[in-house]
Amino acid sequence: MHDLTDLYQTVILDHNRRPRNYRVLPTANRVGSGNNPLCGDEVTIYVELDGDRIKDVTFQGSGCAISQASASLMTLNLKGRTIPEAEAIAGDVLKLITSGDVKDDEFSDLSALAGVHQFPARIKCATLSWHAALNAVHGEPAPATTEKTSD
Ligand code: ZN
């Protein structure tokens, strides 16, 4: 039995301390941004699309450990994927973050994000970079925000 809380802490702290792919991408042909005003998290996602494949993806941002670690994990998991693959992964991750359900065979660093569901106030911190990445891939110019203007 995996201890999700330990994994969560280890992975989140590691990625927050040493975020992967934290840089501007000069070859980016798509940029997406997101903000989570509830927590003060901001991310900018840089994507180099080659046809329908994400050749490279990087990010910059500021905010809490969860928001930055989730963005770091996002870049590692979406790099090299086609747009449909990236959409499927992002969909699974968004489900994982909100439900906390992890299938054992999917256990990886990404599964650490399932630990976020124990802290409902932080769910938007974790989902932010994934929404921003999808916006970038889809060429959506408006920033992803966790707060809807109307409900
Ligand atoms: Zn946050």
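Per-chain numbering applies: the sequence of each chain, read as written, is numbered from 1 onward. Reporting in this predicted model follows two pLDDT cut-offs: at least 70 for local features of residues, and 80 or more for side-chain atom pairs to be given and counted; totals over whole chains, interfaces and linings ignore these cut-offs and use all residues. Only hydrogens and water are set aside when side-chain values are computed; all heavy atoms of the structure are taken into account.

Q: Got a minute to help me understand the confidence of the model for the protein chain in this structure?
A: The predicted coordinates of low-pLDDT regions are not to be read in fine detail. The pLDDT value tells you how sure the predictor is about a given residue, anywhere from 0 up to 100. Considering every residue of the protein chain, the mean pLDDT works out to 90; 92% of them sit at 70 or more. Mean pLDDT in the protein chain bottoms out at helix α1 (residues 4-17), which sits at 86, and peaks at strand β3 (residues 53-62), which reaches 98. Under the scheme used here, helices are H or I runs from DSSP no shorter than 4 residues and strands are E runs no shorter than 2 residues, and both carry numbers assigned from the N terminus.

Q: Would you mind going over the packing of helix α3 (residues 83-99) against helix α4 (residues 123-138) with me for this structure?
A: Packed helix pairs are specified by the crossing angle of their axes together with the interaxial distance, meaning the distance between the axes. Helix axes are fitted to C-alpha atoms over the stretch in contact, other axes to C-alpha atoms as well, and angles between N-to-C directions run from 0 to 180 degrees. At their nearest, the axes of α3 and α4 sit 10 Å apart, and the two run at 165° to each other. As judged from the angle between their axes, α3 and α4 are roughly antiparallel. Read as a crossing pair, α3 and α4 show a hand that is left-handed. Residue-level contacts link I83, A86, E87, I89, A90, V93, L94, I97 and T98 of α3 to I123, A126, T127, W130, H131, L134, V137 and H138 of α4. The nonpolar class holds Ala, Val, Leu, Ile, Met, Phe, Trp, Tyr, Cys and Pro. Asp, Glu, Lys and Arg form the charged class, and all remaining residues, Gly among them, are polar. The residue makeup of the contact of α3 with α4, split by class, is 12 nonpolar, 4 polar and 1 charged. Oblique is the label for any angle not under 35 degrees, not over 145, and not in the 65 to 115 range, which are roughly parallel, roughly antiparallel and roughly perpendicular in turn. Two helices crossing with the near one rotated counterclockwise from the far one by less than a right angle form a left-handed crossing, whereas a clockwise rotation gives a right-handed crossing. When checking whether two residues touch, look at their non-hydrogen atoms; a contact exists if any pair is within 4.5 Å.

Q: Explain the coordination of the zinc ion to me, please; I cannot follow it from the model alone.
A: Think of it this way: four donors in a tetrahedron around the metal ideally sit 109.5 degrees apart, and six in an octahedron ideally sit 90 or 180 degrees apart. Listed donor atoms are N, O and S within 2.8 Å of the metal (Na, K and Ca: 3.2 Å). As water is not included, a site may look incomplete. On the protein side, the zinc ion has C39 (SG), D41 (OD), D41 (OD), C64 (SG) and C125 (SG) as donor atoms, found 2.2 to 2.6 Å from it. Each donor residue of the zinc ion belongs to the same chain, with the gaps between them written as C-x1-D-x22-C-x60-C. Linking C39 in the loop between β1 (30-36) and β2 (41-50) with C125 in helix α4, this pair joins segments that are 86 residues apart in sequence. Only protein chains enter the accessibility calculation, which uses a 1.4 Å probe; a residue whose area is less than 20% of its type maximum is buried, one above 50% is exposed, and one in between is partly exposed. The class for C39 is partly exposed, based on a relative accessible area of 34%.

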